[in-house]
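What follows is each chain in one-letter form.
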Amino acid sequence: QKMPPSLPANINIREPRWDQSTFQGRAKHFFMVTDPRNLLLSGATLEEARRVVEDYRAGTIQPGLTEDQLWRAKYIYDSAFHPDTGEKMILVGRMSAQVPMNMTITGCMLTFYRTTPAVLFWQWVNQSFNAIVNYTNRSGDAPITPSQLGTAYVSATTGAVVTALGLKSLTKHLPAIIGRYVPFAAVAAANCINIPLMRQRELKLGIPVTDENGNRLGESTAAAQKAIFQVVVSRIGMAAPAMAIPPVIMNMLEKRAFLKRYPYLNAPLQVGLVGLCLVFATPLCCALFPQKSSMPVSSLEPEVQDQIRKKDPWLETVYFNKGL
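Thresholds, definitions, all that
- Residues numbered from 1 in each chain as written.
- Predicted model: local features only at pLDDT ≥ 70, side-chain atom pairs only at ≥ 80, totals over all residues.
- Heavy atoms only, no water.
- Core = buried A, V, L, I, M, F, W, Y, C linked by side-chain atoms within 4.5 Å.
- Buried < 20%, exposed > 50% of the residue type's maximum accessible area, 1.4 Å probe, protein only.
- Helix = DSSP H or I, 4+ residues; strand = E, 2+ residues; numbered from the N terminus.
- Contact = heavy atoms within 4.5 Å.
- Pairing = 2+ DSSP bridges.
- 1 Å grid on protein atoms, 1.4 Å probe; cavity = no way out; pocket = protein on both sides within 12 Å on 5 of 7 lines; lining within 4 Å.
- Points joined across faces, edges and corners; volume = space filled by probe spheres on them.
- Nonpolar A, V, L, I, M, F, W, Y, C, P; charged D, E, K, R; others polar.

(A) Here's a closer look at the nonpolar core. In this structure, L7, I11, I13, Y56 and L70 are the most contacted members of the largest nonpolar core, which totals 26 residues. Sorting the residues of this core by element identifies helix 1 (23–33), helix 2 (43–57), helix 3 (67–80) and helix 12 (266–286) as the ones contributing at least two each. Not counting the four nearest positions on each side in its chain, L70 is found in contact with L7, I11, I13, V52, Y56 and L65. In this structure, V187, A239, A242 and L278 belong to the second largest nonpolar core, which totals 16 residues.

(B) Spotlight on the pairing of strand 3 (residues 292–296). Burial of strand 3 is one-sided: the residues S293 and M295 facing one way are buried, the residues K292, S294 and P296 facing the other way are not. The pairing of strand 3 with strand 4 (residues 317–321) spans five bridges and is classified as antiparallel. Considered in strand 4, the bridge of K292 is made with N321.

(C) Structural detail: empty space enclosed by the protein. Counted by the stated rule, this structure contains three cavities of 30 Å³ or more. Along the walls of the largest cavity sit 17 residues, with N102, N130, V187, R235 and A239 positioned nearest its centre. Counting only elements with at least two residues in the lining of the largest cavity, the list comes to helix 4 (98–111), helix 5 (116–136), helix 8 (182–198), helix 10 (221–254) and helix 12. Considering only residue class, the lining of the largest cavity consists of nine nonpolar, seven polar and one charged. The wall of the second largest cavity is formed by M95, Q98, V133, V231, S234, R235, M238, C286, K322, G323 and L324. At four residues, helix 10 tops the list of elements feeding residues into the lining of the second largest cavity. A class-by-class count of the residues in the lining of the second largest cavity yields six nonpolar, three polar and two charged.

Rendered as structure tokens:
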């Protein structure tokens with residue numbers, strides 16, 4: 001005899017589990033999305049999560065499936081498969097790879113900041129990783145062409161290197177602690193270049209804006225500008241604790257006998273400190289702004305306002321996906 005389904009069929013697993021209008025709800029969501037343990041899941045586990053999610057969306061509920069198991073499958077599925085194309089994402093480009101990859105790259109940037117070749121190499125590695133992340137998490141509505149990807153990659157790498165080398169030369173006669181903050185300034189500058197360039201198509205053509213129920217009303221460049229600004233702020237905020245706190249600690253430790261006796265521990269210690277900061281900074285800064293962002297209709301371009309008022313004269317607020 002077939003067991004009755006233990007779950008209602010109307011749980012909306014296309015949306016996050018927690019209330020996204022509160023910072024706490026967004027933080028819980030992003031702690032799940034950026035959980036590095038998802039990288040260790042086997043191909044079979046990922047495929048099983050895909051099957052559970054796709055079956056549920058199609059109205060088929062597996063016998064004995066609990067709500068917690070369904071949400072767990074949804075977050076495993078979201079961590080590995082592209083939301084628009086359904087393709088399995090490149091491992092290092094997934095949001096769950098952000099902490100381990102960034103802690104390694106940032107830790108090395110902060111450790112090897114004294115020589116020009118090291119600055120050049122680690123800024124190049126960082127922008128190469130950013131290009132992979134931006135390509136992997138691209139929007140299905142606005143695909144990135146190889147030429148756009150190349151332009152953004154070269155521009156961001158050049159911007160980061162020029163900033164890093166320029167500041168490095170300026171800080172030669174300043175206290176050592178000031179020199180340790182050069183990598184952060186370079187990363188912040190690169191984010192200001194990389195993200196708008198990577199999403200230039202959205203700035204030219206606009207991003208989809210919808211009503212509260214997800215009905216598409218048109219495309220807005222004003223919404224794209226707000227979305228990209230929010231992402232730039234989040235990314236710089238994400239890097240700030242990991243690049244601001246460890247230099248202070250390492251500066252103190254380097255004056256002690258311990259690190260003078262064991263200098264090879266410098267890089268592992270730096271990477272560990274950065275990792276500790278990123279475990280919290282990554283999800284908390286992703287949660288600064290709602291993924292489903294909003295703005296008043298009156299702030300949109302006049303032609304988009306006219307287009308919306310023809311469809312719904314009383315609508316005051318539109319929504320859009322800000323990206324990550």
